[in-house]
Structure formats: C-alpha cells, structure tokens
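# Understanding the architecture of this molecule
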Amino acid sequence: MNILVIGSGGREHSLTWKITQSPLCDDLYVAPGNGGMGDIATCVPLNDNNHDEVISFCREKNIEFVVIGPEAPLVRGLSDRLTSEGIKTFGPSAAASVLEGSKGFTKDLCAKYNIPTAAYGRFNDSASAKEFTAKQNIPVVIKADGLAAGKGVIIAETMDEAFDAIDDILGGQFGEAGAELVVEEFLSGEEASFFVLCDGENILPFGTAQDHKRVGEGDTGPNTGGMGAYSPAPMMDDNMIKRTIDEIIMPTVKGMSAEGAPFKGVFFAGLMITDKGPELIEYNVRFGDPECQTLMMRLDSDIVPALMACSDGTLDQIDIKWKQQSAMNVVMAANGYPGSYEKNTVIKNLVEAESSDKVVIFHAGTKKDGEQILATGGRVLNVTALDNSVTDAKKTAYDALDKIDWPYGFCRRDIGWRAIEREQK
C-alpha cells in the first residue's frame, strides 16, 4: 500500500527509514520531509494545518495509511479528520492528544486515577502561582501548560528564578502555550523514557531509552529538544517495566477511555525513577526525538503492522522482536542552539561519515540544494549507531560524527555517560 508520513525531523526520517523496509510499503511519501529523506521517499510540500489539502493528496496518491510524527498536527485534530475520511491513521485523536497538549490536564488525570507523579498546582495568574511556589522547596519546576517544542520547562534553582519563569511564561514567552502554567515538586532520581503502543484497550511495550535534554556536557545549561539518546535504558529492568505498566500506563489507558477519549497511538512516558519507584514526569503522544532513532535501529520486526494495529484495535495480535544490541544517537546542532543560530550553512562529507554498516545519519533541520546539504534548523543531524554495548555504540557514533565537515555545528561529547559508568563497574 501507499503510505504518507507527516513531519520533517529526525524522528520522521527514522520512521520513514524503517517503513521503507516493510514489504507492505509500495510508494512512500513524506510531508514535508527534509534534506536527507528524498533518497528513500518522495518529499511533498503539504501544509499539515490544511486538512483539506492533506485529504486531497491522499485521494490523489491512493494513500491507505498515514503516520503522523509530530505532536502539533495531532493536537490540531489531523488524525480525527483522516479517520473520518476513512483513511487509516497512526496517531491519537485531538481529545486524546491533550495528554501532551496540556500538562495540567495530565496532572489532573494522574490525581484522579492515582498515577504516581510530583505534587503540583495549576495557575493562570502570576500572583497565585508565586504564592503557591513560595511554599515549595527549591529546586522547583515551572512548566508552560501547552506545546512549547520541549523548551517550556524551567528547573528553578532559586525562588527568584522561579518567579522570573512564572513572569516569562504568563507574560507570553511561549505564546498560547503559556496561557496557563504548572508548578511542580522537583523529583530526584534518574530519568527514563518508556514507549508503549496502544489501540485504545490493548498495549504493546515498545522499548526504553534515556535522553539528554540539557545543551551542555554534564547535563548543564538550558533545556533543548534533546541532544542525544541511547536505548535500552539500563535501569528499566523487567521489574521496573512491570511496575510502570501496572502503576502508570494501564491506569492511563483506562482513565482516558473513562474520560471518553480512548488513546490509540504511542504513549511516550517521561519517567523519574525515584526511591519510591517510577513516577510520571509527563506524557508525550508521539515518539520521542531523539529517542525514536535509537528504537528504530534496534527494532528487528516490521514496524508497519504494529502501527496499523493501533488504528485497527488488534494490538493483542502483534509480536515484535528487538536486536540484542545498544543504540546511541548523538545530535549535531547549529552553533548557538537553543538560542539563535546561522542558517543555510553547508554540511560536507556525510557519505563517508555514514560508510559503516553500524551507522545511520538521520537528518533533522536540513534541506537539499542541488547536490549540497544545508543546515536550516537548530538540531540538524542525528548520528545514530548500533553496537554491542552503549560504550561501543558511543565510540562508533562519535567516530562517524568526527568525519562530518560542518564547522557551524556542535555536539555534546558525553552522551550515554550514565550507562557507560554502569557498564564499566
């Protein structure tokens, strides 16, 4: 069948790369795609805000399955529209996507269904938010309620920082996403990402990962969309996975159904593994970026039947296998990111950098200009390696990355440090 992928980032490049390996896939389109995806799919300049345009394209190209990569089109109801037109779609409804679209909604859901998470308050005025925050311990977490591209979370180390964050968010720093905010207890522990496919009722665990959100080495500096990731996450052993499913995932599945918004798609549970066990930091309603790239490298099964089963309600009939290796993704970002950066700089030597059969370079913020690849975004390349351990995958990834000729970019050199410390004990 013909398949359309919506999105333009490294996540979508890795999903597209995996979908091309499926015998179920005939023609593959990606909208809008990026500079690295044209070799494996046809890039088309669709506006995913214009649902009529997407539907017309699907009719014209006989698209039978659509995979929506990013969160924004999901929150805006693209999955609902495609489904209503009889086009099978991977990605939750707008009503279910509010799990990511509103952090306050998710916190309230956790309170109602006894899902372990940090203590919190919801506010839309700064005086009340500051009054609540002043009673909290430091550090304290301040979050814009809506979608802020991974940048709407501030871990305030002083009360002044917390009050500034409140003023910035409610003062319009994140636009509509900051009309409301959540003040949250700071959880101590180790973060992990857990992915679970869901068809509204049945679930299928779909891998673990850890990412590095801070821009600087040693996990310092401002938050980003993610500077690298590795999979699997060592602390997510069988017991911790079972606890996360029993205490967090299944209560969410049942809760969303009870609220009239059954969830069909992928849960991306951001977890903190504390002394008490797994606690939910937040939900995303799509695959993580940069985590997805590591999952796609490790997945040893056809992804298309698993994604389709979420739409069909047949996930209980799906079985998947994973390679018994570790994957690492190191992000190359433009100098200045997550602040301002220069665009349209030339990236060279990508073919040689990707020459190892253990390495795939997934593109994010790039475009093709003739035979040149230009950097157009903040996060630009995902150098992803599969090897026998995290230690080996790190060496393989950085060996490849160091062959790339792009003086306008940078990366963190310490991706995977926690897992590597564990492996070397």
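In this report, we go over the structure that sits alongside the text. For every chain, the first residue of the written sequence is number 1, and numbering continues from 1 along that sequence. Totals for whole chains, interfaces and linings use every residue, but because this is a predicted model, local features are given only for residues with pLDDT of at least 70 and side-chain atom pairs only at 80 or more, for both listing and counting. Side-chain measures here rest on the full set of heavy atoms in the structure, leaving out hydrogens and waters.

On to the environment of Gln210, then. By the secondary structure assignment, Gln210 is in strand E11 (residues 203-211). The rule is simple: take the accessible area with a 1.4 Å probe, protein chains only, and divide by the maximum for that residue type; under 20% is buried, over 50% is exposed, in between is partly exposed. Residue Gln210 is classed as buried on the basis of its relative accessible area of 2%. Sequence-wise, Gln210 and Glu190 are 20 residues apart; in three dimensions their C-alpha atoms are separated by 9.2 Å. Note on contacts: a residue pair is in contact if any heavy atoms of the two residues lie within 4.5 Å. Those residues within four positions of Gln210 in sequence are excluded, and the remaining contacts are Glu190, Glu191, Ala192, Gly228, Ala229, Tyr230, Ala233, Pro234, Met235 and Arg418. One polar contact links the side chain of Gln210 to the main-chain carbonyl oxygen of Glu191, over a distance of 2.7 Å. Helix and strand assignments follow DSSP, with helices taken as H or I runs no shorter than four residues and strands as E runs no shorter than two, numbered in order from the N terminus. Polar contact criterion, stated in full: a pair of N or O atoms within 3.5 Å, where within protein one must be able to donate a hydrogen and the other to accept it, and residues adjacent in sequence count only if both atoms are side-chain atoms.

Moving on to the packing of helix H1 (residues 10-19) against helix H10 (residues 291-298). All axes are obtained by fitting lines to C-alpha atoms, using only the stretch in contact for helices, and the reported angles, taken between N-to-C directions, cover 0 to 180 degrees. At a minimum axis separation of 8 Å, H1 and H10 run at an interaxial angle of 15 degrees. The orientation of H1 relative to H10 falls into the category roughly parallel. Handedness of the H1/H10 crossing: left-handed. From H1, Gly10, Arg11, Ser14, Leu15, Trp17 and Lys18 reach across to H10, where they touch Cys292, Gln293, Met296 and Met297. Roughly parallel here means an angle under 35 degrees, roughly antiparallel means over 145, roughly perpendicular means 65 to 115, and every remaining angle is called oblique. Crossings are assigned a handedness: left-handed for a near helix turned anticlockwise from the far helix by less than a right angle, right-handed for a clockwise turn.

Let us now look at the sheet that holds strand E20 (residues 366-369). Strand order in the open sheet formed by 3 strands is E18-E21-E20, with antiparallel pairing between adjacent strands. Because the sheet does not close on itself, it has two edges, and the strands there are strand E18 (345-347) and E20. Sheet twist, expressed as the average angle between the axes of neighbouring strands with direction ignored, equals 45 degrees. When DSSP locates at least two bridges between a pair of strands, those strands are taken to pair. Bridge count for E18 against strand E21 (residues 372-375) is 3 bridges, and the pairing is antiparallel. Of the residues in E21, the one forming a bridge with Thr345 is Ala375.

Attention now goes to unusual backbone geometry. Comment: phi is negative for the bulk of residues other than glycine, and the bulk of peptide bonds are trans. The residue after Ile138, namely Pro139, is reached through a cis peptide bond having omega 0 degrees. Mapping Pro139 onto the fold places it in the loop between helix H7 (126-133) and strand E7 (140-144). In this model, Ser231 is joined to Pro232 through a cis peptide bond whose omega is 0 degrees. Notably, Asn344 is not glycine yet its phi reads approximately 65 degrees, a positive angle. Examined against the element boundaries, Asn344 turns out to sit in the loop between strand E17 (326-334) and E18. Of note in the backbone geometry, Asn349 takes a positive phi value of approximately 70 degrees without being a glycine. Looking at the element boundaries, Asn349 is found in the loop between E18 and helix H12 (350-353).

This part covers the side chain of Asp211. Structurally, Asp211 can be placed in strand E11. Only 3.2 Å separates the side chain of Asp211 from the side chain of Lys213, close enough to count as a polar contact. Look past the residues within four positions of Asp211 in its chain and what remains in contact with it is Gly226, Gly228, Ala229, Pro290 and Glu291.

Before going further, it helps to examine the environment of Tyr120. Residue placement: Tyr120 occurs in strand E6 (residues 120-123). Among the residues examined, Tyr120 registers a relative accessible area of 24% and is labelled partly exposed. Taking the C-alpha atoms as reference points, Tyr120 and Lys61, separated by 59 residues in sequence, lie 48 Å from one another. Those residues in contact with Tyr120 that lie beyond four places of it in its chain are Lys107, Asp108, Ala111, Phe132, Val182, Val183 and Glu184.

Before going further, it helps to spend a moment on the sheet that holds strand E9 (residues 181-185). Either a parallel or an antiparallel arrangement is found when strands of a sheet pair, and the pairing is made through backbone hydrogen bonds. Here 4 strands make up an open sheet; going across it, the order is E6-E9-E7-E8 and the pairing antiparallel. On the outer flanks of this sheet lie E6 and strand E8 (153-156), each paired with one strand and no other. When the angles between neighbouring strand axes are averaged without regard to direction, this sheet yields 20 degrees. Note that E7 and E8 share 4 bridges and pair antiparallel. Across the sheet, the residue bridging to Lys143 is Val153, located in E8. Docked against the sheet, helix H6 (residues 103-112) engages E6, E7, E8 and E9, running at close to 140 degrees with respect to E6. Where helix H8 (residues 159-170) meets the sheet, it contacts E6, E7, E8 and E9, and its direction lies at approximately 5 degrees from that of E7.

When you line up the elements, His13 lands in helix H1. Setting aside its immediate chain neighbours within four residues, His13 contacts Asn34, Gly36, Met37, Ile40, Ile361, Phe362 and His363.

Our focus in this paragraph is a negative patch on the surface. A contiguous patch of negative charge, built from Glu157, Asp160, Glu161, Asp164 and Asp168, is present on the exposed surface. Along the chain, Asp164 turns up in helix H8. What goes into a patch is any residue over 30% in relative accessible area without a salt bridge, connected to like charges within 9 Å or, for nonpolar side chains (Val, Leu, Ile, Met, Phe, Trp, Tyr), within 5 Å. The Shrake-Rupley method, run with a 1.4 Å probe, gives the accessible areas here. Residue values count only the displayed protein chains as cover. Salt bridges are defined as contacts in which a side-chain nitrogen from Lys or Arg sits within 4 Å of a carboxyl oxygen from Asp or Glu. Charged residues are defined here as Lys and Arg on the positive side and Asp and Glu on the negative side; His and the ends of the chain fall outside this count. Taken as the charge location is NZ of Lys, CZ of Arg, CG of Asp or CD of Glu.

The final tally for this structure, using the stated rule, is 29 salt bridges. Its salt-bridge partner being Asp246, residue Lys242 comes within 2.6 Å of it at the nearest N-O pair. Of the two residues, Lys242 and Asp246 are both situated in helix H9 (residues 238-258); the distance of 4 residues between them amounts to about one turn of the helix. The network of salt bridges with common partners includes Asp52, Arg59, Arg81 and Glu85.

Turning next to the pairing of strand E19 (residues 359-363). In terms of burial, E19 is largely enclosed, as 5 of its 5 residues are buried. Here E19 shows no split at all, with Val359, Ile361 and His363 on one side and Val360 and Phe362 on the other all buried.

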